[in-house]
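# Coordinate inspection notes
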Amino acid sequence: MMTARCLPILLPLMLAAASLGMFPAGAADEAALAQHQPEPYVKLTHPEWAKKAVIYQINTRQFTPEGTFTAAAKQLPRLKAMGVDILWLMPVQEIGVRNRKGTLGSPYSIRDYYKVNPEFGTMEELKAFLAAAHKLGLHVILDWVANHTAWDNALAADHPDWYERDWKGDFRPTPWWDWEDIIDLDYSKPEVRAYMADAMKFWVQEVGFDGFRCDVAGYVPLDFWEKVRAELDAIKPVFMLAEWQSRDLMAKAFDATYSWEWFDSMKGVAQGRADVGALFGYYSNNESGWPEDGYRMTYTSNHDKNAWEGTDAELFGKGFESAAVLAIVGEGMPMIYNGQEAGLDKRLAFFERDPIDWPKKLPLEAFYTRLFKMKDENQALWNGAAGARMVRVVNDRPSEVFSFMRQKGKAKVFAVFNMTDKPVNVGFREPMFVGSYAETFASDRGPEVSTPARLSADTRFDLAPWGYMVFSEPAGE
């Protein structure tokens, strides 16, 4: 048997021999092809429970009036009923005091990687939260801050050589940002890497977390993440989300990365600064430039967007619902921020207590519940290669209406969005969508509406401003 190691030596000889008629050309061709067989870009294994999952971010400080793990645990049955699968907890560790921002400081300024912030409760109460989540079939990931620590983290006194320095030789915050409450670690030091890996393993093995969302992941060397992912998977299958936008992270380290491009493209459309062409550009790049089985997280808000850029209404205006639907039925792994189901209408303070005002009836809870149920039941909408690629359905209003199909086996979805503030009548130039569906979601009906629909090649729709229609057939029957 010819091994791959032999090919670089034997292949030139085989090709030369074939040219002289001394060796069958077919064998040389076969050897050449052997060197060019495609390999999957994503080499890690996603946890089974992540393949159709949606993420819900919890800002513990603001999630409940009490701002504690115990109070948050009382909301878990509601989140499970809504269809949430993965809970992302913002950092839970003790926060630094030196150079603290605001009264309570940033959760991303870690004073002790092994201690729980008493503002939120005790380690025992955190473990009780995790146990309650696991009992419901939920998984929980911890927001991890590997790039930097608080100034008064004990590591700065015990191991000052573990930190980067500025031109004066002093500790330094992350360059160019206004993050004066933190100082950067130096990942050229093996001791830093070993310490951080051990700390991460502690929260998985001893506390019970199911993975991590990693803050500014691109500021930490890729080889660290790849090695620590393997160490964590040796404990149990974990889910890893990177706050970064890079396909390199997806090969061996992270299941999912942020999709900043999607957010910016959709916001531009909603604010009238771009038309549907911005979405064409995003999805073209997504399909051609990114691995199919790498999850790109799509979202309309998170703790940063809400605190520093605006509420859903400020960012997307009347196009918010269309953006939220597309984030879930289009390609990507969807995430919502706590309070969005309540129609969160304020920017939550970042360094102070500013609890969400939860109304008795949550105006968008049924909206998200129906979308998450659709995603769960229709495999075409699952994440990465477990789901289906989007295929453009060409229509006669291409700068105003965004339409596509996703199909996995017999499961299929056909979605149509009016991405303007004016009503449109639209027809379609390609009949790939023709068939029978349940019209499971429409902007002008209640979220539980599901009516049979037979779509033909000459089907036309009247769509209200920012209107949408989603036709789903989970089994294709």
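Everything here concerns the structure above.
Residues numbered from 1 in each chain as written. Predicted model: local features only at pLDDT ≥ 70, side-chain atom pairs only at ≥ 80, totals over all residues. Heavy atoms only, no water.

Bringing the nonpolar core into the picture now. For soluble globular proteins, nonpolar side chains are generally found buried alongside one another. Judged by nonpolar contacts, the single largest core of 118 residues is most densely connected at L87, W144, W203 and W225. Ignoring sequence-local partners within four residues, the contact set of W144 consists of Q93, Y113, M196, A199, M200, W203, F212, R213, C214 and D215. Counting 16 residues, the second largest nonpolar core, distinct from the first, contains V401, M405, F428 and M469. (Core = buried A, V, L, I, M, F, W, Y, C linked by side-chain atoms within 4.5 Å. Buried < 20%, exposed > 50% of the residue type's maximum accessible area, 1.4 Å probe, protein only. Contact = heavy atoms within 4.5 Å.)

In this section: the side chain of T459. The topology assignment puts T459 in the loop between strand 18 (451-455) and strand 19 (460-463). Of the residues examined, T459 reaches a relative accessible area of 12% and is grouped as buried. Among the polar contacts made by the side chain of T459, one reaches the main-chain amide nitrogen of S456 at a distance of 2.9 Å. Among residues more than four places away in sequence, those in contact with T459 are V426, G427, F428 and F433. (Helix = DSSP H or I, 4+ residues; strand = E, 2+ residues; numbered from the N terminus. Polar contact = N/O pair within 3.5 Å; in protein donor to acceptor, adjacent residues only side chain to side chain.)

A few words now on the environment of M333. Looking at the secondary structure, you find M333 in strand 12 (residues 333-337). Along the primary structure M333 and W382 are separated by 49 residues, whereas in three dimensions their C-alpha atoms are 8.1 Å apart. In contact with M333, other than residues within four places in its own chain, are A50, A53, I55, I86, F239, A256, Y295, R296, M297, T298 and N383.

Attention now goes to unusual backbone geometry. Phi at W176 is positive, roughly 80 degrees, even though this residue is not glycine. Positive phi outside glycine occurs at W466, with the angle close to 60 degrees. Mapped onto the fold, W466 is located in the loop between strand 19 and strand 20 (468-473). For W466, a relative accessible area of 10% translates into the label buried.

This part takes up the packing of aromatic side chains. All told, the structure shown has 44 aromatic pairs when counted by the stated rule. Aromatic side chains F280 and F402 sit 6.0 Å apart centroid to centroid with 40 degrees between the ring planes, which places their arrangement in the tilted category. Here F280, found in helix 11 (residues 277-289), pairs with F402, found in strand 14 (residues 401-408); they are 122 residues apart in sequence, far enough to count as distant. F280 gets classed as partly exposed once you look at its relative accessible area, which sits at 24%. Plain terms: the ring middles of F414 and F471 are 6.0 Å apart, the flat faces sit at 20 degrees to each other, and that makes the pair stacked. Here F471 lies in strand 20 and F414 lies in strand 15 (residues 411-418), a separation of 57 residues in the sequence. (Phe/Tyr/Trp six-rings, centres within 6.5 Å; stacked < 30°, edge-to-face > 60°.)

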